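What the coordinates show
One letter stands for each residue in the lines below.
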Amino acid sequence: MAVTPDAELVARCREGEPDAWRELVERFSRYVYAITTQAYGLRGQDAEDVFQEVFARVFERLDTLRSDAAVRPWIAQLTRRCAVDRLRASGREVPAEELSEEAVEGTIEMLDEAMDVRDALGSLTPECGEILDRFFARDESYRTIGEALDLPAGTIASRISRCLSKLRERLEGRKRSSTPSSDQVQR
């Protein structure tokens, strides 16, 4: 199953397509939550409030996005702003090194890479996606994978290798910006 490009998904949202909005929230929900919890250390109700605020702003302000393809860095920037606002409003003291721009940017870059891998995995055939998921995410043995997929255990290694080559091609073919997400967004 091919993953809809971000720009196409945003265009569908601009046209008011309800399924597109659901897909946009589904695509970026883990990303927003991860930035909120991993980069800013928010938990529980604070994290949920930031999540809700980010997607409310996305809905209200999508027409201000200059490039539909830049939706991910734009959402990252909205998340940063909402998380900082939540920290300020709560009056909670957070050690400066935990919220340094470098630490936050490093976390967001790691999350961007994870999103790229997820998108590339989604563009593979279901068979490749499943075998890579079973081996790397579920940590299943060749024998367990072979039994589950009704394949000889001896063919699992070659299938994993072929699927990894396809994944690598997709990841290398992606245009990755070397500028931090915060620099891709007009403030």
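Residues numbered from 1 in each chain as written. Predicted model: local features only at pLDDT ≥ 70, side-chain atom pairs only at ≥ 80, totals over all residues. Heavy atoms only, no water.

1. Section: the packing of helix α4 (residues 71–90) against helix α5 (residues 101–122)
It is at 12 Å that the axes of α4 and α5 come closest, and there the two elements cross at 140 degrees. Crossing handedness for the pair α4 and α5: right-handed. Contacts between α4 and α5 involve R72, A76 and R80 from the former and E101, V104, E105, I108, D112, M115, D116 and D119 from the latter. Of the residues belonging to the contact of α4 with α5, the class tally is four nonpolar, no polar and seven charged. (Axes fitted to C-alpha atoms, helices over the stretch in contact; angles between N-to-C directions. Helix = DSSP H or I, 4+ residues; strand = E, 2+ residues; numbered from the N terminus. Left-handed = near helix turned anticlockwise from the far one by under 90°. Contact = heavy atoms within 4.5 Å. Nonpolar A, V, L, I, M, F, W, Y, C, P; charged D, E, K, R; others polar.)

2. Details of the pattern of salt bridges
If you walk through the whole model with that rule in mind, you get 20 salt bridges. Note that D116 is salt-bridged to R72, the shortest N-O span being 3.0 Å. In this pair, D116 sits in helix α5 while R72 sits in helix α4, placing the two residues 44 residues apart along the sequence. Of the two residues examined, D116 and R72, each falls in the buried class. Salt-bridge contacts for R138 lead to D133; the nearest nitrogen and oxygen are separated by 2.7 Å. Taken together, the shared-partner salt bridges in this structure form one network comprising D6, R12, E17, E23 and R27. (Salt bridge = Lys/Arg side-chain N within 4 Å of Asp/Glu carboxyl O. Buried < 20%, exposed > 50% of the residue type's maximum accessible area, 1.4 Å probe, protein only.)

3. Let's talk about the packing of aromatic side chains
Under the defined criterion, the tally for this structure stands at five aromatic pairs. One aromatic cluster in this structure is built from F135, F136 and Y142. (Phe/Tyr/Trp six-rings, centres within 6.5 Å; stacked < 30°, edge-to-face > 60°.)

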